[in-house]
Amino acid sequence: VVLYIAGDQVSACGDCRFAWKSKMAGFGLGALFALDMTIQWVLWAAASLFRTEKFYDLAGSSTFGLLLAMSYGRGAANVRQRVQSLMVATWAARLGVFLFTRVMKHGSDSRFDKAKNSPGTFFLFWTMQGFWVMITLLPTLILNASRYNPALSYRDYAGWGLWLGGFLLEALADEQKRRFRLDPGNAQRWIDSGVWSWSRHPNYLGEILLWSGLCSSASVVFRGWDWLALGSPVFVTWLLTRLSGIPILERQAQKRWGDNPEFLRYRHNTAVLVPGVW
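Read on for a plain summary of the structure. (Residues numbered from 1 in each chain as written. Predicted model: local features only at pLDDT ≥ 70, side-chain atom pairs only at ≥ 80, totals over all residues. Heavy atoms only, no water.)

Under the defined criterion, the tally for this structure stands at 22 aromatic pairs. Note on Trp 91 and Trp 132: the rings are 6.1 Å apart at their centroids and 65° apart in plane angle, and the pair reads as edge-to-face. Within this pair, whereas Trp 91 is found in helix 4 (residues 79-106), its partner Trp 132 is found in helix 5 (residues 119-145), the two being separated by 41 residues in sequence. Counting every residue linked through ring pairs, the aromatic cluster contains Phe 55, Tyr 56, Phe 112, Phe 122, Phe 125 and Trp 126. When the ring centre of Phe 98 is taken as origin, the NZ or CZ atom of Arg 94, which lies over that ring, is 5.7 Å away. It is Arg 242 that lies over the ring of Trp 278; its NZ or CZ is 5.4 Å from the centre. (Phe/Tyr/Trp six-rings, centres within 6.5 Å; stacked < 30°, edge-to-face > 60°. Helix = DSSP H or I, 4+ residues; strand = E, 2+ residues; numbered from the N terminus. Lys NZ or Arg CZ within 6 Å of the ring centre and 35° of its normal.)

As structure tokens, this is what we get:
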């Protein structure tokens, strides 16, 4: 992101197809990033004041939608850009509504039990969300800014197929867990059925797959410094597997069921993320 912001000032390439300056429908990447962080910090102030996490995830998905609209609004709107933008918008709408309705129903999100009572820690969560939005969306922003429009290729179709598989896996995992929690008898149990029987975090696997797919399809138009955006799905993977996703949930599960032989058997026999790999 920093390199792209700097590029807004130093790029001298005259051919818009290969310029990494990447103007986003009249808004540079620096301006979009500034808007993204301003939204997160303003909402952090409100959330910290009321000590609530209820609109955290909705704010993230809404920011995705806003930056996407700003990048697409004045773009060339070719088939590749339309498909990519529709996929991002579909993902953002589904996940945002799902997470918001879930936190409203349960009244809280266990990820923020301690953080929301510490303004400094809570600020870090909101700031990380801002970076997550921008870095994750970067390949799509570059695509929407590009006037280079080669014919659709296997990379487009492979990327879209990977997005579809990841999107369906994430949606299915979320729905199976939602239905599992509707049964009062499961209140003190972990889900180990459906796709959760072969991965302890299938929703995160779906998330990684869908963003990897979108990066693949967007990469068709990458030139020069654009290739740095290949770090986008790497960042998503790192975030979910090393920082905010799996580590937190694994610690919570171990604390809650670590002395339960059935849970320990499930944990031993079920992959953390990818069956047969990890």
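With that settled, the discussion passes to the nonpolar core. Phe 64, Trp 91, Trp 132, Met 134, Trp 163 and Trp 211 are the most contacted members of the largest nonpolar core, which totals 55 residues. Here the element with the most residues in this core is helix 5; it accounts for nine residues. In contact with Trp 211, other than residues within four places in its own chain, are Phe 64, Val 88, Trp 91, Thr 136, Pro 233 and Val 236. Judged by nonpolar contacts, the second largest core, of seven residues, contains Tyr 56, Ala 59, Phe 112 and Phe 122. (Core = buried A, V, L, I, M, F, W, Y, C linked by side-chain atoms within 4.5 Å. Buried < 20%, exposed > 50% of the residue type's maximum accessible area, 1.4 Å probe, protein only. Contact = heavy atoms within 4.5 Å.)

Residue position: Thr 90 is located in helix 4. A relative accessible area of 33% places Thr 90 in the partly exposed class. Along the chain, Thr 90 and Phe 167 lie 77 residues apart, while their C-alpha atoms are 9.3 Å from each other. Once residues lying within four places of it in the same chain are set aside, the contact partners of Thr 90 are Trp 163 and Phe 167. A polar contact of 2.7 Å, which involves the side chain of Thr 90, links it to the backbone oxygen of Leu 86. (Polar contact = N/O pair within 3.5 Å; in protein donor to acceptor, adjacent residues only side chain to side chain.)

Direction vectors running N to C along helix 2 (residues 29-50) and helix 5 enclose 150°, while the axes themselves pass 9 Å from each other. Taken as axis vectors, helix 2 and helix 5 run roughly antiparallel relative to one another. For helix 2 against helix 5, the interelement crossing comes out right-handed. Contacts between helix 2 and helix 5 involve Leu 29, Leu 32, Phe 33, Asp 36, Met 37, Gln 40, Trp 41, Leu 43, Trp 44, Ala 47 and Ser 48 on the former and, on the latter, Pro 119, Phe 122, Phe 123, Trp 126, Thr 127, Gln 129, Gly 130, Phe 131, Val 133, Met 134, Leu 138 and Leu 141. Looking at side-chain class alone, the contact of helix 2 with helix 5 contains 17 nonpolar, five polar and one charged residues. (Axes fitted to C-alpha atoms, helices over the stretch in contact; angles between N-to-C directions. Parallel < 35°, antiparallel > 145°, perpendicular 65-115°, else oblique. Left-handed = near helix turned anticlockwise from the far one by under 90°. Nonpolar A, V, L, I, M, F, W, Y, C, P; charged D, E, K, R; others polar.)

Before going further, it helps to spend a moment on the pattern of salt bridges. What the rule picks out here adds up to 12 salt bridges. Of the charged contacts in the structure, one is a salt bridge between Arg 189 and Asp 192, with a shortest N-O distance of 3.7 Å. Overall, the relative accessible area of 31% leaves Arg 189 in the partly exposed class. With a relative accessible area of 32%, Asp 192 lands in the partly exposed category. (Salt bridge = Lys/Arg side-chain N within 4 Å of Asp/Glu carboxyl O.)

Here we take up unusual backbone geometry. Notably, Arg 51 is not glycine yet its phi reads approximately 50°, a positive angle. Positionally, Arg 51 belongs in the loop between helix 2 and helix 3 (56-72).

Another point: a nonpolar patch on the surface. A surface patch of nonpolar side chains, amounting to about 270 Å² of accessible area, comprises Val 79, Leu 152 and Tyr 157. Among the structural elements, Leu 152 can be located in the loop between helix 5 and helix 6 (154-182). Assessed through its relative accessible area of 35%, Leu 152 is described here as partly exposed. (Patch = residues over 30% accessible without salt bridge, like charges linked within 9 Å, V, L, I, M, F, W, Y side chains within 5 Å. Areas by Shrake-Rupley, 256 points an atom, 1.4 Å probe, with all protein chains shown as cover.)

Our next topic: the side chain of Asp 36. Structurally, the position occupied by Asp 36 is in helix 2. Despite being buried, Asp 36 has no salt bridge partner; Arg 111 is the closest side chain of opposite charge, sitting 15 Å away. Excluding residues that lie within four positions of it along the chain, Asp 36 makes contacts with Thr 63, Leu 67, Gly 130, Phe 131, Val 133 and Met 134. (Lys, Arg positive; Asp, Glu negative; His and termini not counted.)

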